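# Coordinates in review
Now for the letters of each chain:
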Amino acid sequence: MDFALRKSLHFASGEGKLDITTQIPDGITTILWGPSGSGKTSVLRMLAGLLAPDQGKVMINGSIWLDTSQNISYPLNKRNIGFVFQDYALFPSMTVEENLKFAAPDKDPNLLQDLLEITELTALLGARTTSLSGGQQQRVAVARALIQRPQLLLLDEPFAALDQGMHDRLVPYIKQYCRTQGCHLIIVTHDMADACLLGEHVIHLQEGRVIKKGPPREVFAAGQNLHNSASGKVIHITHDNQPTATILLDSSLLEISVPQQLLGKLQVGDLVALDSFSIRPPTPT
Amino acid sequence: MEIAPLLLSLRLAVVTTFLLFWISLPLAHWIAFADSRFRSVVQALVALPLVLPPTVLGFYLLVAFSPSQGLGRVLSNMEFPLVFSFSGLVVASLIYSLPFMVQPLVSGFRQLPSSLREASLLMGKSSFTTLIRVLLPSMKGAVLTALVLTFASVIGEFGVVLMIGGNIAGETRVASIALYDRVEALDYAAAHSYALVLLLFSFLALLFLFSYDRKLKNIRS
C-alpha cells in the first residue's frame, strides 16, 4: 500500500500543511503516532475517502483509490474498509447483533463465533448499544469492523477504553486476523506504549509533518545522554526464558532484562530506577 | 357545529403530512449534508412560508393555478383543476407547511454524529439504505416533531386555504374556514365550538410532542 497526502489544516499553532508520503509493505502493522491535533485522524479520514486532500494518491493492492492529478476518487462505499471511529459510531437504534449483521449481512458464522468469544460479547448480543459501557462499545466497534473482512482496517484510538486483559487478548488477535486475511492495518494512537508495542512501522506525526518513521526501535531510540539514575514506568513485561520489561521514559522506550531479585514482583505500571539494569533498544512485539 | 369541516381538516392534514414527509426527507438530507453553493438559496425558499403572509402565497398560487394561465390551463385541460378543489388545498398545504417538516428534519440530521453516516457508507451501504436504516431510526424525536408540527400547521391553516380553496362545503371548507364562516354569519355558538376544537387539538398535539421529548431525554439519560 502506498499513499501520499497533502492538505491544509488548522493546527494548534495555526494554519499548516499536512504532508505524508509512505509505502507500507504487506503484512505490516502501521502506527500513526503523535500528540492530539497532529493530523493522525485526518490521514485516516483521507485514506477512507471521508476527507478530500488538496493533493494525494492512494494505491492499495494494485488499485488506485485516489489520484487527484487524474481526478480519480474511488467511491468510499466500494472501498471495503473497516473503520473504528474514536466515538465508535455504533448505530443507537440497533442492538449489538443488529450492528454486526448490518455490517456483514452474509457474515461467516465461524468468524462471528471467534469475534464474539475474543471480545466477550456473546451475552450482550441483544443489548442496545446505548446501554453499553465505553469498553463494551469499543469491543463492538472492533468486532463490527473485523466482521466485514475489510482489505484495509483503520483503527482510530481503538484500545483507549479497554482493560489490560482485553487489550492483551484483542491486539494479537487483530494482528493475526490481518495477517491471515491479507488486510492492511493502520492504527492511530497518541499512546507511546501502544505505538511501540502494536506495530512494526511507526510514523511519528507532529503538526502534519512526519518527524520520524521506521521500526519502533528506531523511532523510539533512547537519547545518548540517558542517566542511569533516571526512572521510568513499566508498560510491558515478557515472561520468556529471558524476562524483559519495556520501560517508558520521557519520549523513549527501553527494554531491560528483569533482574533476578525482581522476578515475579515487577508489574505493568510500576515505576523503576534504571540503575544496574542492562538496557537495550526495544524490539517490536 | 358540523362535523364535515373537521373531518375535511383531518383528511387534508393526513394526506399533506404523509406526502410532505417523503418529499422533505431527501430535501432535508441534501440541506444537511450537501456542500453546494445553492444550499442557502434552497434554505431561504423552504423557510419563505414562515415569514410570508399566507395571503401572498395564496395569491400567487391562485394566479398560477388559474385555468386562464399556463400551468393552470394545462392542469384544467387534464381535468385536474387545482383552484377551489381539495387537490388544490393539498398542493397549497404542501408548500405552506414545507418549513414545518423540513426544519426539524434538518436539525435532526445535523445533531447526529457524522460518524454514523460515514460508518454506514464505509460498510458499503448506499446513501438511501444509510438514510432509511441508520439515520432515520436514530432521530425519532426530530421525525416526530416534524410530523406533529406539520399536521398541526395544516389543521390551523387559514389564509392560503381561503385564497386557493374558497369556502365550498364538503370540498374546501375546512375547520378554520368554517369558523370564519360562522363568525361572518354571527353564529357565535358554532364559532366557539370550532375554535375550542382547534384550540384543544393544537394544545394536545404540542403536549404530546413535549411529553415524548421528555421521555426520550429520560431514556437517554
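For clarity, every value in this text was computed on a predicted model and none was experimentally measured.

Scoring rules and cut-offs
- Residues numbered from 1 in each chain as written.
- Chains lettered and ligands numbered in written order.
- Predicted model: local features only at pLDDT ≥ 70, side-chain atom pairs only at ≥ 80, totals over all residues.
- Heavy atoms only, no water.
- Disulfide = S-S within 2.5 Å.
- Buried < 20%, exposed > 50% of the residue type's maximum accessible area, 1.4 Å probe, protein only.
- Patch = residues over 30% accessible without salt bridge, like charges linked within 9 Å, V, L, I, M, F, W, Y side chains within 5 Å.
- Areas by Shrake-Rupley, 256 points an atom, 1.4 Å probe, with all protein chains shown as cover.
- Salt bridge = Lys/Arg side-chain N within 4 Å of Asp/Glu carboxyl O.
- Helix = DSSP H or I, 4+ residues; strand = E, 2+ residues; numbered from the N terminus.
- Lys, Arg positive; Asp, Glu negative; His and termini not counted.
- Contact = heavy atoms within 4.5 Å.
- Polar contact = N/O pair within 3.5 Å; in protein donor to acceptor, adjacent residues only side chain to side chain.
- Buried area = accessible area lost by both parts, 1.4 Å probe.
- Axes fitted to C-alpha atoms, helices over the stretch in contact; angles between N-to-C directions.
- Parallel < 35°, antiparallel > 145°, perpendicular 65-115°, else oblique.
- Left-handed = near helix turned anticlockwise from the far one by under 90°.
- Nonpolar A, V, L, I, M, F, W, Y, C, P; charged D, E, K, R; others polar.
- pLDDT = per-residue confidence, 0-100.
- Domains from an automatic or database assignment.

## Some remarks on the state of the cysteines
Residues and elements named next belong to chain A. The tally for this structure, following the rule as stated, stands at zero disulfides over all chains. Of the cysteine sulfurs around cysteine 178, a residue in no disulfide, the closest is that of cysteine 183, at 3.7 Å. Of the residues examined, cysteine 183 reaches a relative accessible area of 5% and is grouped as buried.

## Observations concerning a nonpolar patch on the surface
A cluster of nonpolar side chains, Leu196, Leu199, Leu200, Phe203, Leu204 and Leu207 of chain B, forms an exposed patch at the surface whose accessible area comes to about 610 Å². Looking at where phenylalanine 203 of chain B falls in the secondary structure, it is placed in helix H12 (residues 188-220).

## Section: the side chain of arginine 79 of chain A
Residue and element names in this part refer to chain A. Looking at the element boundaries, arginine 79 is found in the loop between strand S6 (72-73) and strand S7 (81-84). No salt bridge is formed by the buried arginine 79, whose closest oppositely charged neighbour, aspartate 67, lies at an N-O distance of 11 Å. Beyond its immediate chain neighbours, meaning those up to four positions away, arginine 79 contacts Met46, Leu47, Ala48, Gly49, Trp65, Ser73, Tyr74 and Gln151.

## Remarks on the environment of arginine 79 of chain A
Residues and elements named next belong to chain A. Exposure remark for arginine 79: the relative accessible area of 1% places this residue in the buried category. The spacing of arginine 79 and alanine 48 is 31 residues in sequence and 7.7 Å in space, taken between C-alpha atoms. Polar contacts involving the side chain of arginine 79 include one to the main-chain carbonyl oxygen of leucine 47, which spans 3.0 Å.

## Overview of the interface of chain A and chain B
On the side of chain B, 17 residues touch chain A, which itself brings 20 residues to the contact. A combined buried area of about 1600 Å² lies between chain A and chain B, and 67% of that area is made up of carbon and sulfur atoms. Salt-bridge contacts for arginine 45 of chain A lead to glutamate 118 of chain B; the nearest nitrogen and oxygen are separated by 2.6 Å. Our enumeration of links across chain A and chain B arrives at four residue pairs in polar contact (both at pLDDT 80 or more). Secondary structure elements with two or more residues in the side of chain A that touches chain B: helix H1 (40-48), S7 and helix H2 (96-103) of chain A.

## What to know about the packing of H2 of chain A against helix H4 (residues 134-147) of chain A
Residues and elements named next belong to chain A. Contact pair H2 / H4: the axes reach a minimum separation of 8 Å and the direction vectors enclose 25°. The orientation of H2 with respect to H4, classified from their angle, is roughly parallel. When you trace H2 past H4, the crossing you get is right-handed. When H2 is examined against H4, the residues Val96, Asn99, Leu100 and Ala103 are found in contact with a partner set consisting of Val140, Ala143, Arg144 and Ile147. Its residues assigned to classes, the contact of H2 with H4 comprises six nonpolar, one polar and one charged.

## A few points about the confidence of the model for chain B
For chain B, the average pLDDT comes to 90, and 98% of its residues sit at 70 or higher. Mean pLDDT values for the elements of chain B range from 80 in helix H4 (residues 70-77) of chain B up to 96 in helix H6 (residues 98-111) of chain B.

## Quick word on the domain arrangement of chain A
Residues and elements named next belong to chain A. Domain annotation for chain A reports domain 1 (2-218) and domain 2 (231-280). Summarising the inter-unit geometry, the C-alpha centres of domain 1 and domain 2 are found 30 Å apart. On the domain 2 side, the residues contacting the four residues of domain 1 number eight residues. The junction of domain 1 with domain 2 conceals about 500 Å² of combined surface from both sides, 87% of it contributed by carbon and sulfur atoms. When residues of domain 1 are sorted by the area they lose upon contact with domain 2, Met192, Ala193 and Leu197 head the list and together hold 73% of the total. Where domain 1 touches domain 2, the interface holds zero salt bridges. Considering only residue class, the side of domain 1 that touches domain 2 consists of four nonpolar, no polar and no charged.

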